[in-house]
Amino acid sequence: MFWLPLLLVAWVVTGLSCARLCLTAYRTARRGAAPELRHELTLYEAAFLSGGPARVTDLTLVSMARTRRLLLAHTGWATVVDPVGGDDMERSVLGAIGPEGQSPIAPVRRAAAGTDAMRALADRLVAAGLALPDGTWSGVAGAVRQVRLAAAAVVALGAVALLMPAQEPQGEVPVALWFALPLVLNASCLAVARFEIHPYPRWASPAGQLLLSALPARGGSDLTAVAVRGTRALVDPELRAAFAHRDAAHRGH
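All of these numbers come straight from a predicted model, not from anything done at the bench. (Residues numbered from 1 in each chain as written. Predicted model: local features only at pLDDT ≥ 70, side-chain atom pairs only at ≥ 80, totals over all residues. Heavy atoms only, no water.)

Turning to the nonpolar core, a few remarks are in order. Counting residues in hydrophobic clusters, the biggest one holds 42 residues, and the most contacted among them are L41, L49, V56, L72 and L130. Contributing elements (two or more residues each) for this core: α2 (43-66), β1 (70-72), α3 (88-97), α4 (105-112), α5 (116-127), α8 (206-214), α9 (222-229) and α10 (237-252). It is α2 that contributes the most residues to this core, 11 residues altogether. Among all residues touching L49, those that are not within four sequence positions of it are L41, L125, L130, A131, W203, A204, G208 and L212. If you look at the next biggest cluster of nonpolar residues, it comprises nine residues, including A10, A161, V175 and F179. (Core = buried A, V, L, I, M, F, W, Y, C linked by side-chain atoms within 4.5 Å. Buried < 20%, exposed > 50% of the residue type's maximum accessible area, 1.4 Å probe, protein only. Helix = DSSP H or I, 4+ residues; strand = E, 2+ residues; numbered from the N terminus. Contact = heavy atoms within 4.5 Å.)

Structure, rendered in structure tokens:
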């Protein structure tokens, strides 16, 4: 029965990948298990949990444009009207625009993502149990990819085993059924992952997602919609065109 080593490889690959996925999902859940239950999210915090640093920058740009301290052109450029920021995040965005007072929106997003104000916001949310540390999202997504690759490997190994000359005596369990067992385990782990941890969180912990889900129930505003849903929630056609131009330029780049 020369197919037995192939079956052993299939089980090892399956066991390692499923164990990694379970362990990663467990660690992700534990990181959000003890949040500050009475924490009231600010708009910046809601934006970070929903879309990370880029969403925070978009929210800041929209907020400053609404108060006429910043002009956002439909061409995707931001122009400073009032160079005095009202808080650390606004000062960071103004600094990202640069001393000339004008810049395309896309570079502003990239520059603002690495500022001290953005790092302080992220650290505060991680300490509160509401945000995931760097690398957690890639760990979960990578574990899911590994299980999918393991399933493909089991199918390939099973196909090789079936191509071998028939070796089991009459009445014995078919080779395909032996390889179906690790394949079922892979499929089961993927199904559980889809229902339990999908969509795979990139920024918010499970506790942070609960707080985000309560935001619409508190009434909210246009800025709340931008924080939670992004610039696609904008009603103003001029502002929407500015960010649409930004997204088109980013895809082209």
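Don't stop here, the text continues.
With 83% of its residues at a pLDDT of 70 or more, the protein has an overall mean of 83. The element-level mean pLDDT for the protein is lowest in α10, coming to 69, with α3 highest at 94. (pLDDT = per-residue confidence, 0-100.)

Moving on, we come to the packing of α2 against α3. Running from N to C, α2 and α3 point in directions that differ by 70°, and their axes come no closer than 10 Å. Taken together, the axes of α2 and α3 lie roughly perpendicular to each other. In this structure, the crossing between α2 and α3 has a hand that is right-handed. Along the contact surface, α2 presents Y44, V56, T57, T60, L61, S63 and M64, while α3 presents M89, E90, V93 and L94. Its residues assigned to classes, the contact of α2 with α3 shows seven nonpolar, three polar and one charged. (Axes fitted to C-alpha atoms, helices over the stretch in contact; angles between N-to-C directions. Parallel < 35°, antiparallel > 145°, perpendicular 65-115°, else oblique. Left-handed = near helix turned anticlockwise from the far one by under 90°. Nonpolar A, V, L, I, M, F, W, Y, C, P; charged D, E, K, R; others polar.)

Quick look at α5 now. Side chains that are three or four residues apart share a direction in an α-helix, a result of its 3.6 residues per turn. Here α5 spans 16 Å end to end across 12 residues, near enough to the 16 Å set by a 1.5 Å rise per residue. Along α5, the positions that sit buried rather than exposed are A117, M118, L121, A122 and L125. Burial along α5 is one-sided: seen end-on, the buried residues are contained in an arc of 135°. Looking at α5, the residues exposed on the side facing more than 90 degrees away from the buried face are D116, D123 and A127. Residues of α5 that are buried make contact with α2, α3 and α4. (Expected span 1.5 Å × (residues − 1). Arc of directions from axis to C-beta.)

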